[in-house]
Structure formats: C-alpha cells, structure tokens
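Given next are the chains, with one letter for each unit.
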Amino acid sequence: AAPDEFLREARINDEVRVILETYSDEMQRTGVNYQEMFRKVKNELVRKYKRRCESQPGALFAGCPILSRSLRKGGGGVILGSWR
C-alpha cells in the first residue's frame, strides 16, 4: 500500500477513536465490545467517504480529500445516528 493509503487509514482510525471516546461511558455501562464497535464505526466511515467521493465527478476514493476536511472540522459525531 502507498504511504497515502496508510495516512488515510490512520486518519480514519483517529476519527473512530474520537467517536468512541465520546461514548466511552455509555459503552462501558452497557458492556459494548470496543473492538467490535471500532470495526463497525470504521466500516461505516469508509462507506460514507466512498459514497461522497463516488458522487463527485472524477473523484476516486484513493484521492478523496474528504478525510482531511472531516478531521479538520472535528468530524466526531457525523455517523452516530446510523449505528446507535
């Protein structure tokens, strides 16, 4: 994998951690498995970014700038409604 791909994956992982940290108390209280929730949230973020990038004419996921924009905006709670 190219260095850009590693960087994108690291950014997604960081965003997932921010999302899960927001709900850490609730997750502990309800006994949700962190690794399983990490995987689910990450998969949902990847799907969301792919859909956005595919909807932009000429854009490919590999070159999609949405990840960095989302993180700069603090992207944390953007998908929570879809998995809660």
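What comes next is a walk through the structure.

Cut-offs applied
- Residues numbered from 1 in each chain as written.
- Predicted model: local features only at pLDDT ≥ 70, side-chain atom pairs only at ≥ 80, totals over all residues.
- Heavy atoms only, no water.
- Helix = DSSP H or I, 4+ residues; strand = E, 2+ residues; numbered from the N terminus.
- Contact = heavy atoms within 4.5 Å.
- Areas by Shrake-Rupley, 256 points an atom, 1.4 Å probe, with all protein chains shown as cover.
- Core = buried A, V, L, I, M, F, W, Y, C linked by side-chain atoms within 4.5 Å.
- Buried < 20%, exposed > 50% of the residue type's maximum accessible area, 1.4 Å probe, protein only.
- Expected span 1.5 Å × (residues − 1).
- Arc of directions from axis to C-beta.
- Polar contact = N/O pair within 3.5 Å; in protein donor to acceptor, adjacent residues only side chain to side chain.
- Salt bridge = Lys/Arg side-chain N within 4 Å of Asp/Glu carboxyl O.

### Things to note about the overall build of the protein chain
So, step 1. Along the backbone of the protein chain there are five helices and zero strands.
So, step 2. Secondary structure elements in the protein chain, listed N-terminal to C-terminal, are α-α-α-α-α.
So, step 3. If you take every contact in the protein chain between residues at least 6 apart in sequence, the share linking residues at least 24 apart comes to 61%.
So, step 4. Of the accessible surface of the protein chain, which amounts to about 5,600 Å², a share of 50% is contributed by carbon and sulfur atoms.

### Concerning the nonpolar core
So, step 1. Ile12, Val16, Ile19, Leu20, Tyr23, Met27, Met37, Phe38, Val41, Leu45 and Tyr49 together form the largest nonpolar core, which totals eleven residues.
So, step 2. At five residues, helix α3 (residues 34-54) tops the list of elements feeding residues into this core.

### Section: α3
So, step 1. Compared with an ideal rise of 1.5 Å per residue, which puts 21 residues at 30 Å, α3 spans 30 Å between its outermost C-alpha atoms and is within 8% of the ideal.
So, step 2. Residues of α3 that are buried: Met37, Phe38, Val41, Lys42, Glu44, Leu45, Lys48, Tyr49 and Cys53. Down the axis, α3 shows its buried residues gathered within 165° of arc, on one side only. Exposed positions of α3 whose direction lies more than 90 degrees from the buried face are Gln35 and Glu54.
So, step 3. In this structure Asn33 caps α3, since a side-chain oxygen of it lies 3.0 Å from the backbone nitrogen of Gln35.

### Here's the deal with the pattern of salt bridges
So, step 1. Following the criterion strictly, the structure yields five salt bridges and no others.
So, step 2. For Asp14, the salt bridge is made with Arg17, and the minimal N-O distance between the two is 3.1 Å. Taken together, the positions of Asp14 and Arg17, both in helix α1 (residues 3-22) and three residues apart, correspond to about one turn of that helix.
So, step 3. Note that Arg47 and Glu44 form a salt bridge whose closest N and O atoms lie 2.9 Å from each other.

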